[in-house]
Amino acid sequence: LRGRLYRQGLQQLERVLQLEPRHLSAALSLADLYSAAGKPARSQEILQTVRQRAADFGLNPTNEFDVIRAEVNTLFATGKRDAATDALANALNRSSIPASFRAAAIDLYLRNGLAAPALPLIEQVLAENPEDLNALGQRGYACMQVNRFADARTSLDRALDLNPKSNIFRLNRAITLQHLKQFDDAQRDCEIILKEAPNTYQALFVLGEIAVEKKDTSAAARYFERCLNLVPVSSPDYKAIKARLDDLGSAKK
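This one's a predicted model, so the numbers in the text were calculated from it and none came from an experiment. Sequence order as written defines residue numbering, which begins from 1 separately in each chain. Since the coordinates come from a predicted model, pLDDT governs what is reported: local features require at least 70, and pairs of side-chain atoms require 80 or more to be given and counted, while whole-chain, interface and lining totals use all residues. Only hydrogens and water are set aside when side-chain values are computed; all heavy atoms of the structure are taken into account.

> Please clarify how the state of the cysteines should be interpreted in this entry.
Put plainly, two cysteines are in a disulfide when a covalent bond ties their sulfur atoms together. Disulfide: a pair of cysteine sulfur atoms within 2.5 Å of each other. Counted by the stated rule, this structure contains 0 disulfides. Not engaged in a disulfide, the cysteine Cys143 finds its nearest cysteine sulfur in Cys190; these two sulfurs lie 20 Å apart. Three exposure classes are used, based on accessible area relative to the maximum for each residue type with a 1.4 Å probe and protein chains only: buried under 20%, partly exposed in between, and exposed over 50%. Classification of Cys143 by relative accessible area gives buried; the value is 0%. There is no disulfide at Cys227, and the cysteine sulfur nearest it, in Cys190, is 10 Å away. On the basis of relative accessible area, Cys227 is assigned to the buried category, the value being 0%.

See below:
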């Protein structure tokens, strides 16, 4: 299904560029889609064309940041992490940066497992607007990734105050609380999530980890087995959960 959707999207955007070969937004969207579809070489070709025909595409100091974002995205897609982070850092060091590019940089960092450089940018957003809901959630997630769980909880508590129905914020807080060994609060968050979305295997996994911490291996095994029933066998999560269950079995012997 995903492959078919990618093909349809690529065909439509290629058609737009055939009809309007100077359409910058279509070119960048097409480059992004090729990267997402696992074809970053084609993405690079499109972006090189944009650079070579800068005047035709109407590049200026503002929309060039959109091009840089797409270039960085493509570099990450090709596995060139150092080049990607260098390009991001160089752009962020410019004297004037659009807020949209800062937001894109945060997203690129977080999507590629680079929470540490994302955090200062998130802090900038929150300094401007302490109740920016998206930034609060991002700060919570980023702090989790660098093991700053107390800071993560502070941000996620506030995010849930502003949007108590967000299961993403609640799940991240449950994971945070588990790491802080505040198991009753973590379990309560998981139960709230599962009441509304019973197939949220990530919440079941947290409950399994809490059971492990409490030395209740039978309950942990049940939670992990329920996770496996909800996750596609081919997914990396399935393999990780299966390994956790196997470890649990080995520990019981």
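From this point, things continue past the structure.
> What's the story with the environment of Tyr6 in this structure? I'm lost.
By definition, any uninterrupted DSSP run of H or I lasting at least four residues is a helix, any uninterrupted run of E lasting at least two residues is a strand, and each is numbered from the N terminus. Relative to the helices and strands, Tyr6 is located in helix H1 (residues 2-19). Between the C-alpha atoms of Tyr6 and Pro164, which are 158 residues apart in sequence, the distance is 34 Å. With near-sequence residues (within four places) excluded, Tyr6 lies in contact with Leu33, Ala36 and Ala37. When checking whether two residues touch, look at their non-hydrogen atoms; a contact exists if any pair is within 4.5 Å.

> Honestly, the pattern of salt bridges in this entry has me stumped. Any pointers?
Close approach of charged atoms allows side chains of opposite charge to pair. Each reported salt bridge corresponds to a side-chain nitrogen of Lys or Arg within 4 Å of a carboxyl oxygen of Asp or Glu. Inspection of the entire model under this criterion finds 22 salt bridges. Here Asp32 and Arg69 are joined by a salt bridge, their closest N and O atoms 2.7 Å apart. Taken together, the positions of Asp32 in helix H2 (residues 24-36) and Arg69 in helix H4 (residues 64-77) put the pair 37 residues apart, joining distant regions of the chain. Note that Asp185 is salt-bridged to Arg188, the shortest N-O span being 2.6 Å. Taken as a pair, Asp185 and Arg188 lie in helix H11 (residues 183-196) at a separation of 3 residues, close to a single helical turn.

> Even after reading the chapter, I still don't get the environment of Asp32, so can you show me in this structure?
Separated by 130 residues in sequence, Asp32 and Leu162 place their C-alpha atoms 32 Å apart. Non-local contacts of Asp32, meaning those with residues more than four positions away in its chain, are made with Arg69, Ala70 and Asn73.

> Is there a simple way to explain the environment of Ala103 in this structure?
If you trace the backbone, Ala103 turns up in helix H6 (residues 99-111). Among the residues examined, Ala103 registers a relative accessible area of 41% and is labelled partly exposed. Put simply, Ala103 and Thr74 are 29 residues apart on the chain and 17 Å apart in space, counted from C-alpha to C-alpha.

Purely spatial values, then, with no claim about function.
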